[in-house]
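Residue-level listing of the chains:
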Amino acid sequence: MKLQEYLKEIAKDFHLRHGFEFGFTESQSEAHFDLTTQAAMQYIQGLAMSGKMGELQNMFSSGADAIKGSSYYQELMQKITDTYYGLDWTADKKQQLAETALAFALNGLKQRFEAGGYSNDLQGVLSFIGLDGGMLGLLGKFGGLFSKFRR
């Protein structure tokens, strides 16, 4: 999937800009960036499967600021900080790492989205992340099916 390729590229820059701030070696920066983005991607996949494609479109086309205003933000932050169980840091410092890494990843994805010339609609987002238009119909059908069971 293209999204993983983009995140791999972005991860290299994370240490250069934020590694010192958190006292990380390069490998620690990469590991925690990976933990952050993996937790975020699992959460985002859940949004997609529940039919919340508008949220995904907004995230990739608007960057980190778009998600901070989302009703899903605190839930996402909790999922990410839960992955930092190996750090003996305070909850506030883990939250700071989660916010910094996620914002860096989302803003990097936004830059790649814009540089790639993708259209600012759902089809453009699907192309950006490496899914075709047929996947949209499938996600919508699954989202509708799963939402019936959540009531």
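Computed from a predicted model, the values in this text were never measured in an experiment.

Peer 1: Help me understand the overall build of the chain, please; the structure alone is not making it clear to me.
Peer 2: Counting secondary structure elements, the chain contains eight helices and zero strands. Taken across its 151 residues, the chain has 42% of its residues classed as buried. Accessible area of the chain: about 8500 Å², with a carbon and sulfur share of 50%.

Peer 1: Sorry, what's going on with the packing of aromatic side chains here?
Peer 2: Aromatic rings in a pair are described by how distant their centres are and how their planes are angled relative to each other. This structure, assessed with the given rule, holds 10 aromatic pairs. Aromatic side chains F22 and F24 sit 5.9 Å apart centroid to centroid with 25 degrees between the ring planes, which places their arrangement in the stacked category. By the burial criterion, F22 is buried, and F24 matches it. On the numbers, 5.8 Å between centres and 25 degrees between planes, the contact of F113 with Y118 is stacked.

Peer 1: Would you mind showing me how to read helix α7 (residues 122–129) here?
Peer 2: The periodicity of an α-helix, 3.6 residues per turn, causes residues three or four positions apart to be oriented the same way. α7 sits mainly inside the fold: six of its eight residues count as buried. Within the sequence span of α7, burial applies to L122, G124, V125, L126, F128 and I129. Following α7 by one or two positions, G130 has its phi on the positive side, about 95 degrees.

Peer 1: What am I meant to see in the nonpolar core here?
Peer 2: As a rule of thumb, soluble globular proteins bury nonpolar side chains together. F33, I80, L97 and L109 are the most contacted members of the largest nonpolar core, which has 41 residues in total. Mapped by element, the contributors of at least two residues to this core are α1 (2–22), α2 (26–49), α4 (64–68), α5 (73–82), α6 (91–115) and α7. It is α6 that contributes the most residues to this core, 10 residues altogether. In this view, L97 contacts F14, F22, F24, H32, Y84, L87 and W89; residues no more than four positions away in its chain are not counted.

Peer 1: What should I look at first to understand the side chain of T36 in this one?
Peer 2: Relative to the helices and strands, T36 is located in helix α2. On the basis of relative accessible area, T36 is assigned to the buried category, the value being 0%. For T36, the residues in contact, after removing those within four places along its chain, are I80, Y84, A98, A101 and L102.

Peer 1: Just checking my understanding: could you explain the packing of α1 against α7 for this structure?
Peer 2: For any two helices packed against each other, one specifies the crossing angle of their axes together with the interaxial distance. Direction vectors running N to C along α1 and α7 enclose 70 degrees, while the axes themselves pass 6 Å from each other. Taken together, the axis directions place α1 and α7 in an arrangement best described as roughly perpendicular. For the pair α1 and α7, the contacting residues are K2, L3 and Y6 in the first and S127, F128 and I129 in the second. The class makeup of the residues in the contact of α1 with α7 is four nonpolar, one polar and one charged.

Peer 1: Would you mind going over the pattern of salt bridges with me for this structure?
Peer 2: For side chains bearing opposite charge, pairing can occur when the charged atoms are close. Scanning the model with the defined rule gives two salt bridges in all. Across the salt bridge formed by E9 and R112, the nearest N and O atoms sit 3.1 Å from each other. Linking E9 in helix α1 with R112 in helix α6, this pair joins segments that are 103 residues apart in sequence. Looking at E9, the relative accessible area reads 39%, which means it is partly exposed. In this structure R112 comes out as partly exposed when scored by relative accessible area, which is 21%. Note that E114 is salt-bridged to K110, the shortest N-O span being 3.1 Å. Residue E114 and its partner K110 are located together in helix α6, separated by four residues, close to a single helical turn. E114 sits in the partly exposed class, given a relative accessible area of 48%.

Each value, and the rule that gives it
For every chain, the first residue of the written sequence is number 1, and numbering continues from 1 onward in sequence order. Local features are withheld for residues below a pLDDT of 70 in this predicted model, meaning they are given only at 70 or higher, and side-chain atom pairs are given and counted only at 80 or more; totals for whole chains, interfaces and linings count all residues. Heavy atoms from the whole structure form the basis of all side-chain values; hydrogens and water molecules are not counted. Secondary structure elements follow DSSP: runs of H or I no shorter than four residues count as helices, runs of E no shorter than two count as strands, and numbering proceeds from the N terminus. Only protein chains enter the accessibility calculation, which uses a 1.4 Å probe; a residue whose area is less than 20% of its type maximum is buried, one above 50% is exposed, and one in between is partly exposed. Surface accessibility in these figures is a Shrake-Rupley result with a 1.4 Å probe; residues are shielded only by whichever protein chains are displayed. The rule is short: rings of Phe, Tyr and Trp, with Trp giving its six-membered ring, pair when the centres are within 6.5 Å, and they are stacked under 30 degrees, edge-to-face over 60, tilted in between. We define a nonpolar core as any set of buried Ala, Val, Leu, Ile, Met, Phe, Trp, Tyr and Cys residues linked to one another through side-chain atoms lying within 4.5 Å. For this analysis, residues touch if any pair of their heavy atoms sits within 4.5 Å. Axis definition: a line fit to C-alpha positions, over the contact stretch in the case of helices; interaxial angles, taken between N-to-C directions, run 0 to 180 degrees. Oblique is the label for any angle not covered by the other classes, which are roughly parallel (under 35 degrees), roughly antiparallel (over 145) and roughly perpendicular (65 to 115). Three classes are used: nonpolar for Ala, Val, Leu, Ile, Met, Phe, Trp, Tyr, Cys and Pro, charged for Asp, Glu, Lys and Arg, and polar for all others, with Gly counted as polar. In the sections that follow, a salt bridge refers to a side-chain nitrogen of Lys or Arg positioned within 4 Å of a carboxyl oxygen of Asp or Glu.

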